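Architecture at a glance
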Amino acid sequence: MNLPHGLRAFRHRSFRVFFLGQGVSQFGTWLQLIATSWLIYRLTGSAFLLGLATFALQLPFLVLAPVAGVWVDRLPKRRVLLVTNSIACVQAAVMLALVASGRIEPWHLIAGNAVLGLVNAFDSPARQSFLIEMIGGAREDLPNAIALQSLLMNGARFVGPMIGGAVIALWGEVWGFGLNCASYLAVLAALAALRVPVHRPEHTEAGWLVQLAAGFRWAYGFLPSRSMLLLLAVLSIGAQPYQSLAPYFARDVFGGDSQTLGYLIASGGMGAASGMLYLALRPTVRGLLTIIGYAAAAAGIALIGFAYTSRLWPALALVYVTGMGIMLTAGATNTVLQTIVEDRLRARVAAIYIMSFLGMSPLGALAAGWAAHYVGPPAALAAGGVLALGAAGVYLTRLGAIRREIRPLYERLGIAPRANQSLR
């Protein structure tokens, strides 16, 4: 199949099929997330409970993702994804029944997020490490596949909240849960239709703790990977809470409703999707090390500006930059890691990346919710922006050493020529 360079991963049938099914499912997921956050705030008016709901959703990424990565490396990836998406479908059906019957309470929503978080702790590393199998082991297409999948997920994050906000305003939160439940059928059908060889993970006698330690040694024993992951972790703690506190800004700062909330989340999603489109169109991973540092700094600056903006349109622009900066940092980090990691460690390193990105978000959300209770949401978000900006500054001061450390590996993989050229 003759495709433009920026779409080269679509040459592979299995990737195309999964991309379509995953796209429908991700759209539904965002409908439910918007419905959940709006319903919690409508029922309680509590910024702390908004943060707690996000904490419940994302805490399993911090606690379980590294262990989940060990087990995913031992199991067929498609089987793991079939199980995780089936459980998520059941979770959505239970939440739909509670909302439709009028028996829903805030603790139900928080518990539902916790269940979904447990599922996602296994689903995310499986999905990331399954990409190489869906593209038939074509490592040269892997960066494009990673970028296109991230573009898909953030495109859903852009479209889903806008439509979700309108759906909730017109027909109520129940439709967000109902449409999400139905959307899981698309990804389950896609997984059933995939044509990939049955992958038999390499047998090992080593215990899971030994395998877990091997993943962490690889990730944190190498200066470039350690620097990227630590910056991403701090950025997630400092900048990601803008999503959990968005209902406060939508209603109390901008005087809006669920549709305003949808616009705010969608602006961040559009920025993230723009960043992933840029990564998908790039011909090589070279240059991503520099992008990571400056994108994190831009996210921190934009978040500080958003925290003290009282007008909606400037706020949407600042959230766009924040979302772009966060996802450029995360997407570029993931692309570099998955390009250079050994296949036997792929799921474990993907899980450590997920822990650093999504796993740190609940700590930030809980801290921001607690701080918002005492100093107000604007000051809480601004402090997070300062933290992200400081971490980006530290990373950029180490950029020269990071480039020197990774260059021999880039040369061995054929990414960089064996010459004394600047690795940017």
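In this text the structure is predicted, and so the values were computed from the model without any measurement. Residue numbers run consecutively from 1 along every chain, following the written order of its sequence. Note on the predicted model: pLDDT of at least 70 is required for a residue's local features to be given, and 80 or more for side-chain atom pairs to be given and counted; whole-chain, interface and lining totals, by contrast, use all residues. For the side-chain quantities, the full set of heavy atoms in the structure was used; hydrogens and water were omitted.

By the criteria applied, helices consist of DSSP H or I runs no shorter than four residues and strands consist of E runs no shorter than two, each listed in order from the N terminus. Regarding its fold elements, the protein chain presents 17 helices and zero strands. Radius of gyration: C-alpha atoms only; globule rule: 2.2 Å multiplied by the number of residues to the exponent 0.38. Against the compact-globule benchmark of 22 Å for 424 residues, the protein chain has a radius of gyration of 21 Å, which places it among compact chains. Think of it in three bands: residues with accessible area under 20% of the maximum for their type are buried, residues over 50% are exposed, and the middle band is partly exposed, with areas taken using a 1.4 Å probe on protein chains only. In the protein chain, which comprises 424 residues, the proportion classed as buried is 59%. Within the protein chain, counting contacts between residues at least 6 apart in sequence, those at least 24 apart form 85% of the total. The average position of the 31 basic charges and that of the 15 acidic charges among the side chains of the protein chain differ by 5 Å. Contact criterion: two residues are considered in contact whenever any of their non-hydrogen atoms come within 4.5 Å of each other. Lys and Arg are tallied as positive, Asp and Glu as negative. Neither His nor the chain termini are counted. One atom stands in for each charge, and that atom is NZ of Lys, CZ of Arg, CG of Asp or CD of Glu.

Charged atoms that come close allow side chains of opposite charge to pair. A pair is scored as a salt bridge if a Lys or Arg side-chain nitrogen falls within 4 Å of a carboxyl oxygen belonging to Asp or Glu. Overall, the coordinates contain seven salt bridges when judged by the stated rule. Between Arg11 and Asp141 there is a salt bridge, and its shortest N-O distance comes to 2.2 Å. In this pair, Arg11 sits in the segment before α1 (13-44) while Asp141 sits in the loop between α5 (106-134) and α6 (142-171), placing the two residues 130 residues apart along the sequence. Take Asp141: its relative accessible area is 2%, and that puts it in the buried class. Where Arg348 meets Asp73, a salt bridge forms, and the shortest distance between an N and an O atom there is 2.8 Å. Here Asp73 lies in helix α3 (residues 65-74) and Arg348 lies in helix α14 (residues 346-359), a separation of 275 residues in the sequence. The same class applies to Arg348 as to Asp73, namely buried. It is possible to trace a salt-bridge network through shared partners that takes in Arg8, Arg11 and Asp141.

Inside soluble globular proteins, nonpolar side chains tend to come together where they are buried. In plain words, nonpolar cores are sets of buried Ala, Val, Leu, Ile, Met, Phe, Trp, Tyr and Cys residues tied together by side-chain atoms within 4.5 Å. Ranked by size, the top nonpolar core spans 130 residues in total, and within it Phe15 and Phe306 carry the most contacts. Leaving out residues up to four positions away in the same chain, Phe306 has contacts with Phe249, Phe254, Leu264, Ala315, Leu318, Val319 and Leu381.

Turning our attention to α5. Over its 29 residues, α5 runs 40 Å from end to end, which matches the ideal 42 Å to within 8%, given 1.5 Å per residue. Two axes define the bend at a residue: one fitted to the seven residues ending there, one fitted to the seven starting there, and the bend is the angle between them. Maximal helix bending in α5 amounts to about 30°, located at Asn120. Burial within α5 is extensive, with 21 of its 29 residues counted as buried. Working rule for helices: expected span equals 1.5 Å times residues minus one.

For the rest of this paragraph, the subject is the packing of aromatic side chains. Whether two aromatic rings pair depends on their centres lying within 6.5 Å, for rings of Phe, Tyr and Trp, where Trp uses its six-membered ring; planes under 30 degrees apart make the pair stacked, over 60 edge-to-face, and the rest tilted. Evaluated as defined, the whole model comprises nine aromatic pairs. Ring geometry for Phe216 versus Tyr220: centroids 6.0 Å apart, planes at 10°, classification stacked. Placement of the pair is Phe216 and Tyr220 together in helix α8 (residues 208-220), with a separation of four residues, close to one helical turn. Taken together, a centroid distance of 5.1 Å and an interplanar angle of 85° make the contact between Tyr248 and Phe249 edge-to-face. Note on Phe249: relative accessible area 1%, which makes it buried. Each residue in the set Phe10, Phe15 and Phe19 is aromatic and connected to the rest through ring pairs, giving one cluster. In this structure, Arg74 is placed above the aromatic ring of Trp71, and the distance from its NZ or CZ to the ring centre is 4.7 Å. Over a ring means this: the NZ of a Lys or the CZ of an Arg is within 6 Å of the ring centre and within 35 degrees of the ring normal.

Okay, the environment of Ser150 next. Among the secondary structure elements, Ser150 is positioned in helix α6. A C-alpha to C-alpha distance of 8.6 Å links Ser150 and Met327, two positions 177 residues apart in sequence.

Bringing the confidence of the model for the protein chain into the picture now. As a per-residue measure, pLDDT reflects the predictor's confidence and takes values from 0 up to 100. Residues of the protein chain with pLDDT of at least 70 account for 96%, and the chain-wide mean is 87. Helix α12 (residues 288-307) holds the highest mean pLDDT among the elements of the protein chain, 96, whereas α6 holds the lowest, 78.

A 3.5 Å cut-off defines polar contacts: any pair of N or O atoms within that distance qualifies, except that in protein one atom must be a possible hydrogen donor and the other a possible acceptor, and neighbouring residues in sequence count only when both atoms are side-chain atoms. Within polar-contact distance, the side chain of Asp141 engages the side chain of His12 at 2.9 Å. Other than its neighbours up to four places away in sequence, Asp141 contacts Arg8, Ala9, Arg11, His12 and Ile135.

Right, let's get into the packing of α1 against helix α11 (residues 258-281). Here an axis means a line fitted to C-alpha atoms, over the contact stretch when the element is a helix, while the angle between two N-to-C directions is reported on a 0 to 180 degree scale. Axis separation between α1 and α11 bottoms out at 11 Å; the angle between their running directions is 130°. Between α1 and α11, the interaxial angle falls into the category oblique. Judged by the twist between their axes, the crossing of α1 over α11 is right-handed. Every residue of α11 that contacts α1 at Trp30, Ile34, Ser37 and Trp38 is listed here: Ser258, Leu261 and Ile265. Partitioning the contact of α1 with α11 into residue classes produces five nonpolar, two polar and no charged. The labels follow the angle: roughly parallel below 35 degrees, roughly antiparallel above 145, roughly perpendicular from 65 to 115, and oblique for the rest. Left-handed describes a crossing whose near helix is turned anticlockwise from the far helix through less than a right angle; right-handed describes the clockwise counterpart. Throughout, the ten residues Ala, Val, Leu, Ile, Met, Phe, Trp, Tyr, Cys and Pro are labelled nonpolar, Asp, Glu, Lys and Arg are labelled charged, and all others, Gly among them, are labelled polar.

On to the state of the cysteines. Formally, a disulfide is one covalent bond, and it connects the sulfur atom of one cysteine to the sulfur atom of another. When the sulfur atoms of two cysteines come within 2.5 Å, that pair is taken as a disulfide. Using the criterion set out here, one finds zero disulfides in the structure. Just so you know, Cys89 is unpaired, no disulfide at all, and the nearest cysteine sulfur is the one on Cys181, 4.3 Å from it.

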